[in-house]
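# Survey of secondary and tertiary structure
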Amino acid sequence: MALNVGVIGLGAMGAGMARTLSGKGFAVSAYDLAETARAQIAEHGIAARDSAADVIAVADIIVLSLPLARHVQETIDAAFDANAFDTGRKIFIDTSTSEASVSRQLAARLQQAGHGFLDAPVSGGPQGAASGSLSTMIGGEEEFVSTARPVLDAIAAKIIHVGPSGAGNIAKLVNNMLVACHMLTTTEAMRLSEAAGLPAEDALRVINSATGRSAISEVHFPTWVLDNSLNSGFSAGLMRKDMKLALELAQEAGCTLPVAELAARLWAPEQSGLKDSDDFMQIADLRGKVEHD
Ligand code: NAD
């Protein structure tokens, strides 16, 4: 039987995933709070619904791509209130970067009601979402992963089932804490290189064949810094959110992370000069392209 898929949250990531799923033959229903996002997805032949509960009512598998854990909780609460779960068993694939503790609570609540919930945060940016080549790190029951597999395979090239509920978000926060630090350290390294007389492109050629490399030096700098576009589709606000969540997780786990704490201060608006809506790549503005208010 063909799976009906829902996508809730049609921003930089969700819109790409909805189009990818539709392009791969799934019947997709979608919702976003923003009318413009709903209108844009409808132009791609995807059924834009009037509420998240409407999407959940018609879908078997629902992909969530929302800014915060609070939005995920509110969406599921509203769906219970609207009796959207009466139409059959649902499995949620929550691709939002979120709190592990909230993922565990939602998974327990939904499982009690006969439904499934996977925390499945993603890596790979809007380009990965649009091309179905994301990486996803999953927390939750194997049974739900296997039922959701066709949808996971459509949106992600790499699927890692990390462990029980919450494990996906722990892995994601640890990953993004490194991204935040690598952006800062790679920017400093490139500034030093240019100030000392070696152009960033030449330094990157070496680093990317040597031990200082990371995805930031291998992908982000060559793609969005060397051409000065500084436009990856991931916002400074989301980077700050991830650092905040990583530091909260550290506190819960009794870990002290002095480097991450310093990095979080350097990403703050007053230090970085970046608004929430600015692309996070603007922190690597080696050539002074960005004018701050
Ligand atoms: P975004 O801000 O571009 O999009 C979020 C969308 O959700 C917006 O269109 C907004 O209108 C909608 N929205 C907000 N509250 C809603 C609600 N209650 N109901 C329905 N729609 C609602 O964000 P994004 O960049 O697409 O990121 C989405 C999630 O994916 C975040 O958790 C983010 O941390 C994560 N993520 C983003 C990237 C990236 O490169 N952008 C990469 C990996 C993970």
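What you see is a predicted model; the values in this text were computed from it and never measured. (Residues numbered from 1 in each chain as written. Predicted model: local features only at pLDDT ≥ 70, side-chain atom pairs only at ≥ 80, totals over all residues.)

## Re the overall build of the protein chain
Note the threshold: Secondary structure elements follow DSSP: runs of H or I no shorter than four residues count as helices, runs of E no shorter than two count as strands, and numbering proceeds from the N terminus. Atoms considered for the radius of gyration are the C-alpha atoms alone. The globule rule reads 2.2 Å times the number of residues to the power 0.38. Burial is judged by counting other C-beta atoms within 10 Å of a residue's own C-beta: 20 or more means buried, 12 or fewer means exposed, and anything between counts as partly exposed, with every C-beta placed from the backbone.
Assigned secondary structure in the protein chain consists of 13 helices and nine strands. Computed over the C-alpha atoms, the radius of gyration of the protein chain is 20 Å, within 12% of the 19 Å expected from 2.2 N^0.38 for a compact globule of 293 residues. For the protein chain, the C-alpha atoms occupy an extent of roughly 65 × 45 × 35 Å along the three principal directions. When the 293 residues of the protein chain are sorted by exposure, 44% land in the buried category.

## Here's the deal with the pairing of strand 1 (residues 4-8)
Which entries qualify depends on this criterion: Only strands joined by at least two bridges in the DSSP assignment are considered to pair. With the strands pointing away from the viewer, any crossover whose connection runs clockwise from the first strand over the helix to the second is right-handed.
Among the five residues of strand 1, four are classified as buried, and the element is accordingly described as predominantly covered. One ladder, built from five bridges, connects strand 1 with strand 2 (residues 27-31); its direction is parallel. Counted as the bridge partner of Val7 is Ala30 from strand 2. Handedness of the β-α-β unit built from strand 1, helix 1 (residues 14-23) and strand 2 comes out right-handed.

## Section: the UniProt feature "active site" (unreviewed entry) in the protein chain
In plain terms, the rule: UniProt positions are given in the numbering used here, feature names are shortened, and annotations may be inferred rather than shown by experiment. We call two residues in contact whenever the C-beta atoms placed from their backbones are within 7 Å.
Here the UniProt-annotated "active site" (unreviewed entry) positions come out as Lys172. Checked against the element boundaries, Lys172 lands in helix 8 (residues 167-195). Given 28 C-beta atoms within 10 Å, Lys172 falls into the buried group. When sequence neighbours within four positions are dropped, the list of residues in contact with Lys172 reads Thr97, Pro121 and Met137.

## Describing the domain arrangement of the protein chain
Put simply, the test is: The domain boundaries here were taken from an automatic or database domain assignment. Amino acids outside the nonpolar list (Ala, Val, Leu, Ile, Met, Phe, Trp, Tyr, Cys, Pro) and the charged list (Asp, Glu, Lys, Arg) are all regarded as polar, and Gly is one of them.
Domain annotation of the protein chain identifies domain 1 (4-164) and domain 2 (170-284). Taken residue by residue, the interface counts ten residues in domain 1 and eleven residues in domain 2. Along the lines of polarity and charge, the residues of the side of domain 1 that touches domain 2 split into six nonpolar, three polar and one charged.

## Quick notes on the site of the ligand
Which entries qualify depends on this criterion: For each residue, a C-beta atom is placed from the backbone, and the residue is labelled near a molecule or strand when this atom is within 6 Å of it.
The ligand sits among 29 residues. The nearest are Gly11, Met13, Ser96, Thr97 and Phe234. Where the shell around the ligand is concerned, the elements lending two or more residues are helix 4 (69-81), strand 7 (122-123) and helix 6 (125-131). With three residues, the top contributor of residues to the shell around the ligand is helix 4. Split by domain, the residues of the shell around the ligand number at least three in each of domain 1 (4-164) and domain 2 (170-284).

## Remarks on the pairing of strand 9 (residues 156-163)
Consecutive residues of a regular strand have side chains that alternate between opposite faces of the sheet. For strand 8 (residues 134-139) and strand 9, the ladder comprises six bridges, and the chain directions are parallel. Following the sheet pairing, Ile138 is matched in strand 9 by His161. Between the parallel elements strand 8 and strand 9, the chain passes through helix 7 (residues 142-155) in a crossover that is right-handed.

## Some remarks on the UniProt feature "domain: 3-hydroxyisobutyrate dehydrogenase-like NAD-binding" (unreviewed entry) in the protein chain
Mapped onto this structure's residue numbering, the UniProt feature "domain: 3-hydroxyisobutyrate dehydrogenase-like NAD-binding" (unreviewed entry) falls at residues 166-284. For residues 166-284, the end-to-end C-alpha separation is 32 Å, with 67% helix and 0% strand making up the annotated structure.

## Section: the nonpolar core
Put simply, the rule reads: In this description, a nonpolar core means buried residues of the types Ala, Val, Leu, Ile, Met, Phe, Trp, Tyr and Cys, linked to one another by C-beta atoms lying within 7 Å.
With 84 residues, the main nonpolar core has Val7, Ala18, Ala30 and Ile93 as its most contacted residues. Tallying contributions element by element places helix 8 first for this core, with nine residues. A domain-level breakdown of this core finds at least three residues from each of domain 1 (4-164) and domain 2 (170-284). With sequence-adjacent residues up to four places away left out, Val7 is seen in contact with Gly14, Met17, Ala18, Leu21, Val28, Ala30, Val63 and Ser65.

## Structural notes on the packing of helix 8 against helix 11 (residues 236-253)
Test applied: All axes here are fitted lines through C-alpha atoms, helices being fitted over the stretch that makes contact, and every angle between N-to-C directions spans 0 to 180 degrees. Oblique is the label for every angle not falling under 35 degrees (roughly parallel), over 145 degrees (roughly antiparallel), or within 65 to 115 degrees (roughly perpendicular). The handedness criterion is simple: a crossing whose near helix is rotated anticlockwise from the far helix by less than a right angle is left-handed, and one whose near helix is rotated clockwise is right-handed.
Where helix 8 meets helix 11, the closest approach of the two axes is 9 Å, and the angle between their N-to-C directions is 120°. Between helix 8 and helix 11, the crossing angle belongs to the class labelled oblique. Read as a crossing pair, helix 8 and helix 11 show a hand that is left-handed. On helix 11, the residues touching Ile170, Leu173, Asn176, Met177 and Ala180 of helix 8 are Met239, Asp242, Met243, Leu245, Ala246 and Leu249. A per-class count over the contact of helix 8 with helix 11 returns nine nonpolar, one polar and one charged.

## Topic: the environment of Ala264
Relative to the elements of secondary structure, Ala264 occurs in helix 12 (residues 258-267). When the C-alpha positions of Ala264 and Asp242 are compared, they lie 9.5 Å apart, and in sequence the two are 22 residues distant. Those residues within four positions of Ala264 in sequence are excluded, and the remaining contacts are Met243 and Leu247.

## Considering the environment of Ala18
On the secondary structure map, Ala18 appears in helix 1. Taking the number of C-beta atoms within 10 Å as the measure of exposure, Ala18 has 31 and is therefore buried. Between the alpha carbons of Ala18 and Ile170 there is a distance of 25 Å; along the sequence they are 152 residues apart. Excluding its chain neighbours within four sequence positions, the residues that come into contact with Ala18 are Val7, Leu10, Val28, Ala30, Ile41 and Ile46.

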